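Residue-level structure breakdown
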Amino acid sequence: MRLLGAGRGAWAGACAVALVVGALGVPAVAAGAGEGPGDSAAGAVGSGAGGVVRGVGWAVKETGKDSRFRGLAAVSRSTAWVAGSKGTVLRTVDGGRSWRDVSPPGAVAEGLELRDIEAFDARRAVALSIGEGEASRVLRTDDGGATWSEAFRNPDPRAFYDCLTFFDSRHGLAMSDPVDGKFRILSTDDGGRSWEVLPASGMPDALPGEAGFAASGQCLVSAGSRDVWLATGGGAVSRVLHSGDRGRTWKVAESVIPAGDPARGVFALAFRDRTTGLAVGGDYRAGQASPRAAAVSSDAGRTWRPAATPPPGYRSGAAWHPYGRGVALAVGPTGTDVTVDGGRTWRALDAGSFDTVDCAGDGGCWAAGEKGRVGRLERLEKPERS
């Protein structure tokens, strides 16, 4: 989308703290001790940054950059990739103690906006730059970012690619805002080395003004080997489209997150499996109210229910934590929220600004955002006893 310049009683008392920390399964790290010269407790809940849940929060890792990182791929607790403005791509393999600048030279020279990155491991990654026409490109590396190849350059001035996702190391999709009244889907079956536009016959018509948000790399997400979901906003209602055949045919459902304005809608999706999903969003403009900024689905996105206690404002990114079946995180410019009941209720975790969040299979959760901010979720102080 052409925008973005930029309860339950268990929560009461110290027992709730033990519940959250235990569910997150985050290895203990002494507050202030850090793990190296690049670590900082700045923005951590336990350090008095304005959060509510104590004992766990984002330990900010110094990147030395001022780019805005809306692309993020968490490979593990030690390895993560971030991509953002000015064609910047960084990679860490030591938990954020140090970052290697592996930016594609051409992307830097042209100042491309890299809004999404998907990584298979510490060496293989695929990045998406956004924009009209040829600004939308897919880049790929097999050597940890030492070299990059351009796998796709959008030839259609009407297309504007927003997000990409991979089902496995071979099969992936990217999505563009509507062309000729329908969202356009790009497909790869060789790990991102080559791409083709899928037929539009299985795609429902887009609403007037409807588009995706290139805010966090999470407007197109997948779960399992064939299921994929696409989030929209900008139209009269916000919607979620679902495909069970890797993007060839789609069904559409209205979400309950308010739209009706180019700045409102669903900004990010996260599916724990083929049926259980979260949607977050709102109004990205600073100072604008974002009621009902989160919703949940238990039927693969066919229907959506509003969160009973949603985040207090606009959220642009969401991720499930692998260690707790109902634990998930949502991030945005005004803070981070956590749920332990599958998205029904959310509680403030951190007051710092982040645009995107991702969790790896080993429990390593990372967040990234403006002014080069990258954080890793850590236990920052010993929780009180329940």
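In this text the structure is predicted, and so the values were computed from the model without any measurement. (Residues numbered from 1 in each chain as written. Predicted model: local features only at pLDDT ≥ 70, side-chain atom pairs only at ≥ 80, totals over all residues. Heavy atoms only, no water.)

A word on the layout of surface pockets
Taken as a whole, the largest pocket holds about 900 Å³ of empty space. Taken together, 39 residues line the largest pocket, and the ones lying closest to its centre are E118, S222, F271, D358 and C359. Listing elements by their share of the lining of the largest pocket, those giving two or more residues are β3 (69-74), β7 (113-119), β11 (160-166), β15 (220-223), β19 (264-271), β23 (317-320) and β27 (356-359). Looking at the lining of the largest pocket residue by residue, the class counts come to 23 nonpolar, ten polar and six charged. (1 Å grid on protein atoms, 1.4 Å probe; cavity = no way out; pocket = protein on both sides within 12 Å on 5 of 7 lines; lining within 4 Å. Points joined across faces, edges and corners; volume = space filled by probe spheres on them. Helix = DSSP H or I, 4+ residues; strand = E, 2+ residues; numbered from the N terminus. Nonpolar A, V, L, I, M, F, W, Y, C, P; charged D, E, K, R; others polar.)

Notes on the packing of aromatic side chains
Under the defined criterion, the tally for this structure stands at eleven aromatic pairs. The interplanar angle of 5° and the centroid separation of 3.6 Å between the aromatic rings of W229 and F271 together place this pair among those described as stacked. Highlighted residues: W229 in strand β16 (residues 227-231) and F271 in strand β19, separated in sequence by 42 residues. Every member of this aromatic cluster is reached through a ring pair, and the members are F213, F267, Y284 and Y314. The side chain of R91 reaches across the aromatic face of W81, ending 5.9 Å from its centre. The ring of F167 carries the charged tip of R246 above its face, separated from the ring centre by 5.8 Å. (Phe/Tyr/Trp six-rings, centres within 6.5 Å; stacked < 30°, edge-to-face > 60°. Lys NZ or Arg CZ within 6 Å of the ring centre and 35° of its normal.)

Details of the state of the cysteines
The tally for this structure, following the rule as stated, stands at two disulfides. There is a disulfide in this structure between C359 and C365, and the S-S distance comes to 2.1 Å. For the disulfide bridge between C359 and C365, the dihedral angle about the S-S bond is near 105°, and by the sign convention the bridge is right-handed. If you count the bonded cysteines of the protein chain from the N-terminus, they pair up as 1-2, 3-4. (Disulfide = S-S within 2.5 Å.)

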